[in-house]
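If you want the building blocks of each chain, they are given just below.
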Amino acid sequence: MRLTEEPGTALLPSGFIDLLQHEAEAEARGIEAVMDVFAGHGYERVRPPLLEFETSLLHGAGQALEEQTFRLMDPESRRMMALRPDMTTQIARIAATRLAGSPRPLRLSYAGSCILVGTQGRETERQISQAGIELIGIDSIEADTEIVLIAAEALRTLGIESFSFDLSCPALVQGLVDLSGYTGARRAQLVHALDRKDMAAVAELGGPVAAILTALVEACGPADTALPILEGLSLPPRIREIADRLIAVVRALGDRDPSLRLTVDPVEFRGWQYHTGVCMTVFAVGQREELGRGGRYLAQGDEPACGLTFRPEILLRAARPITLKPRVYIAAEVADAAGPARLRRDGYATVAGLAPVDDLAAEARRLKCRFVFVADELITL
Amino acid sequence: MTALTAPDSSPDAPRAASPCATSSCVASDAPLVLALPKGRILKALGPVLERTGLFHDGSAIGEGTRSLRFPTQDPQVDVVRVRSFDVATFVAHGGAQIGVCGADVLMEFDYPDIYAPLDLGIGGCRISIARPVDARHEETAVASSHIRVATKYPTITRRHFATQGINAEIVHLHGAMELAPTLDMASIIVDLVDTGSTLKANGLRETEVIAHVTSRLIVNRVALKTRPEAIRALIERFRDALQEKAA
């Protein structure tokens with residue numbers, strides 16, 4: 001390679017990829033399978049636009065998305081527009097405006113692409129897919145568990161077995177950091193140390209809450225070991241209340257589905273930062289990225305809501321492989337369309353020969369067909 | 001996506017283009033990979049590793065093998081020996097689930113996928129600014145808006161000087177930073193200082209400590225979430241080994 005060589009036309013901007021035949025097929029089918037599960041539980045699909053005015057997309061809870069948002073100017077209205085980096089806040093907007101009159105609890109689902117600015121070390125993913133559900137207008141343990149149980153059903157539908165839900169509650173950490181009384185840079189340092197579970201730094205920076213924070217980090221782990229620790233900790237009353245809700249949700253989940261793998265991380269607060277209640281992150285053994293995440297937040301007008309968003313790209317890496325339709329090469333001589341139509345009904349993909357060829361079998365193989373259809377007969381190659 | 005297999009074995013079917021082809025895609029019963037740094041830290045770590053029961057002889061880790069990955073006394077733990085800067089990268093990308101690296105490396109990379117649950121208290125030293133002994137008074141540097149710095153820590157250096165309103169121009173070196181001021185490549189250096197004797201021998205003096213550092217036990221975030229029992233057990237082994245030392 002010469003150093004002066006120009007990049008080829010195949011080069012895409014960093015973070016954007018072409019999905020090729022089988023990959024795109026798998027993605028579409030995976031999303032449909034997940035959406036079917038959501039629909040089966042009464043979640044109705046909505047489709048917000050890719051672009052919105054910056055002022056409405058980044059309104060309220062959306063403020064947390066600011067750093068991740070690509071912006072462009074609308075030549076018509078001369079207003080600044082933003083490409084959505086996340087769909088949850090759009091669903092919250094729809095619920096609070098167009099669907100304000102719909103009966104609560106409102107169950108909505110969605111799937112679509114989002115564009116992120118990306119973070120360091122994650123430049124490979126700037127266009128991501130999302131598929132998710134939102135349960136709006138109710139704040140209860142049952143609502144929180146419904147979201148997790150439906151998500152678990154979707155994961156099983158895709159053939160993903162080794163998944164786990166990590167339950168957390170960002171308000172817990174935020175409340176404790178508030179109690180420390182620190183502001184500005186000192187607070188930011190403490191929050192960063194907690195996010196990285198840098199225990200030396202937490203002990204050093206935590207001041208009056210260092211002991212509680214350390215104990216909370218120690219509590220992280222499988223639900224059956226984490227919950228007793230969390231229950232036994234002496235916490236300030238307001239924090240106790242938040243912790244009890246987290247414990248109640250984890251217990252309810254364990255009761256409803258004892259086979260669920262649950263971990264608890266009381267100091268986890270990573271994500272879009274608009275969550276106010278119990279949050280969940282989906283992991284699977286062998287996958288180095290989160291399969292999805294969600295949690296409880298306040299939609300517009302402080303309406304309680306809980307939702308979960310899957311990342312279909314990651315889901316599909318863990319999912320059972322899809323089976324593609326077997327391809328049949330239809331000889332150009334076949335005049336009657338009924339034969340090929342019957343094959344398609346039987347689950348084959350028909351590839352029409354557009355001109356007569358000498359060697360049917362060779363032509364079929366060249367076009368990745370395992371069968372040839374000629375003279376009303378299906379021949380296996 | 002590895003989830004894809006075409007029903008026919010057509011040779012030109014799109015192959016998996018997934019980062020999941022890394023060793024992070026391990027089954028739940030595969031051995032954990034522990035990344036250890038070569039050199040200074042490993043020497044200090046030897047006794048700790050002996051007490052964890054992972055090695056009989058902590059001073060001879062990986063000796064007598066050209067292989068970069070080797071087993072330990074625990075069949076559920078394998079070790080890879082890499083450069084100290086690379087330990088963080090191995091753990092962040094899930095190649096290793098657990099590792100030992102200096103807080104300096106963590107500060108430099110600041111990988112969101114790394115947790116640092118345990119301070120091993122070994123390999124103590126500091127990231128410092130050093131300048132030629134005969135340099136003009138430091139105030140001149142503070143007053144200027146730009147400074148040229150030789151370092152192997154570009155991120156830490158830029159961040160440190162940015163808080164003082166100074167743009168640091170980085171001369172990125174991987175070793176022998178001490179030569180840079182005398183050869184007029186940079187006016188100061190930012191480097192790891194232990195005893196300070198190398199600085200002295202090269203006509204430099206330490207003028208400011210940016211951070212004190214020790215070695216940390218680090219773990220991959222997703223590994224901790226998906227294999228919590230195994231990872232926590234290993235952390236506990238290190239914690240016990242440290243307490244044994246203190247006792």
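From a predicted model like this one, the values you see are computed outputs, not experimental measurements. (Residues numbered from 1 in each chain as written. Chains lettered and ligands numbered in written order. Predicted model: local features only at pLDDT ≥ 70, side-chain atom pairs only at ≥ 80, totals over all residues. Heavy atoms only, no water.)

1. Some details on the overall build of chain B
When helices and strands are counted, chain B shows 9 helices and 11 strands. Looking at chain B residue by residue over its 247 residues, the buried ones come to 51%. A separation threshold of at least 6 residues defines the contact pool for chain B, and within that pool the share at least 24 residues apart is 66%. Of the roughly 11500 Å² that chain B leaves accessible, carbon and sulfur atoms contribute 54%. (Helix = DSSP H or I, 4+ residues; strand = E, 2+ residues; numbered from the N terminus. Buried < 20%, exposed > 50% of the residue type's maximum accessible area, 1.4 Å probe, protein only. Contact = heavy atoms within 4.5 Å. Areas by Shrake-Rupley, 256 points an atom, 1.4 Å probe, with all protein chains shown as cover.)

2. Things to note about the state of the cysteines
A covalent bond between the sulfur atoms of two cysteines is what we call a disulfide. All names here are of chain A. With the rule as written, the count across this model stands at 0 disulfides over all chains. C279 provides the cysteine sulfur closest to C306, a residue in no disulfide bond, and the two sulfurs are 7.9 Å apart. Note on C306: relative accessible area 0%, which makes it buried. (Disulfide = S-S within 2.5 Å.)

3. Considerations on the packing of aromatic side chains
Any two aromatic rings considered together are summarised by their centre-to-centre distance and by the angle between their planes. Counting across every chain of the model gives 6 aromatic pairs over all chains. Between F163(A) and F165(A) the ring centres are 5.9 Å apart and the planes differ by 85°, which places this aromatic pair in the edge-to-face class. Comparing F163(A) with F165(A) shows no difference in burial state: the two are buried. Site record: aromatic cluster; members linked through ring pairs are F85(B), F109(B), Y111(B) and Y153(B). Across from the ring centre of F53(A), 3.9 Å away, lies the NZ or CZ of R79(A), which sits over that ring. Looking at R186(A), its charged tip hangs above the ring of Y182(A), at a distance of 4.2 Å from the centre. (Phe/Tyr/Trp six-rings, centres within 6.5 Å; stacked < 30°, edge-to-face > 60°. Lys NZ or Arg CZ within 6 Å of the ring centre and 35° of its normal.)

4. Focus on the pairing of strand β8 (residues 167-172) of chain B
All names here are of chain B. As defined by bridge partners, strand β7 (residues 146-151) adjoins β8 across 6 bridges and the pair is classed as parallel. Within β8, the position partnered with R148 by the bridge is E169. Note on the crossover from β7 through helix α5 (residues 154-163) to β8: the handedness is right-handed. (Pairing = 2+ DSSP bridges. Right-handed = clockwise from strand over helix to strand, strands pointing away.)

5. Regarding the packing of helix α5 (residues 170-180) of chain A against helix α6 (residues 184-195) of chain A
Residue and element names in this part refer to chain A. As a packed pair, α5 and α6 sit with axes 11 Å apart at the nearest point and diverge in direction by 145°. In this structure, the crossing between α5 and α6 has a hand that is right-handed. Where α5 abuts α6, its residues V173, Q174, V177, D178 and S180 lie against R187, L190, V191 and L194. Residue composition of the contact of α5 with α6, grouped by class: 5 nonpolar, 2 polar and 2 charged. (Axes fitted to C-alpha atoms, helices over the stretch in contact; angles between N-to-C directions. Left-handed = near helix turned anticlockwise from the far one by under 90°. Nonpolar A, V, L, I, M, F, W, Y, C, P; charged D, E, K, R; others polar.)

6. Considering the domain arrangement of chain B
All names here are of chain B. Domain assignment breaks chain B into domain 1 (19-123 + 214-246) and domain 2 (125-213). Computed from C-alpha coordinates alone, the two centres of domain 1 and domain 2 are separated by 30 Å. Taken together, the 8 residues of domain 1 in the interface contact 12 residues of domain 2. Summed over both sides, the interface of domain 1 with domain 2 buries roughly 940 Å², with 56% coming from carbon and sulfur. Linking domain 1 with domain 2 are 0 salt bridges, by the criterion used here. The interface formed by domain 1 and domain 2 includes 5 residue pairs in polar contact (both at pLDDT 80 or more). The element best represented in the side of domain 1 that touches domain 2 is helix α3 (residues 103-109), accounting for 4 residues. Its residues assigned to classes, the side of domain 1 that touches domain 2 shows 3 nonpolar, 2 polar and 3 charged. (Domains from an automatic or database assignment. Buried area = accessible area lost by both parts, 1.4 Å probe. Salt bridge = Lys/Arg side-chain N within 4 Å of Asp/Glu carboxyl O. Polar contact = N/O pair within 3.5 Å; in protein donor to acceptor, adjacent residues only side chain to side chain.)

7. Quick word on the packing of α5(A) against helix α10 (residues 237-256) of chain A
All names here are of chain A. α10 packs onto α5 with a crossing angle of 170° between their chain directions and a minimal axis gap of 9 Å. Between α5 and α10, the angle falls in the class roughly antiparallel. Contact with α5, carried on its side by A171, L172, G175, L176 and L179, involves R238, I239, I242 and A243 of α10 and no other residues of that element. (Parallel < 35°, antiparallel > 145°, perpendicular 65-115°, else oblique.)

8. Notes on helix α2 (residues 84-92) of chain B
Residue and element names in this part refer to chain B. All buried positions along α2 are accounted for by F85, V87, A88, V91 and A92. In a view along the axis of α2, the buried residues occupy a sector of 160°, so they form one face of it. Of the surrounding elements, those touching the buried residues of α2 are β1 (32-37), β3 (77-82), β4 (98-102), α3, β5 (114-119) and β11 (215-220). Positive backbone phi, approximately 80°, marks G94, located one or two places after α2. (Arc of directions from axis to C-beta.)

9. Observations regarding α5(B)
All names here are of chain B. Taken as a whole, α5 has its buried residues at P154, I156, T157, H160 and F161. Seen along its axis, α5 keeps its buried residues to an arc of 165°; they face one direction. The exposed residues of α5 that point more than 90 degrees off its buried face are A162 and T163. Those residues of α5 that are buried lie in contact with α3, β6 (125-132), β7, β8, β9 (188-193) and β10 (204-213). Taken from the residues just after α5, G165 is the one with a positive phi, measuring 75°.

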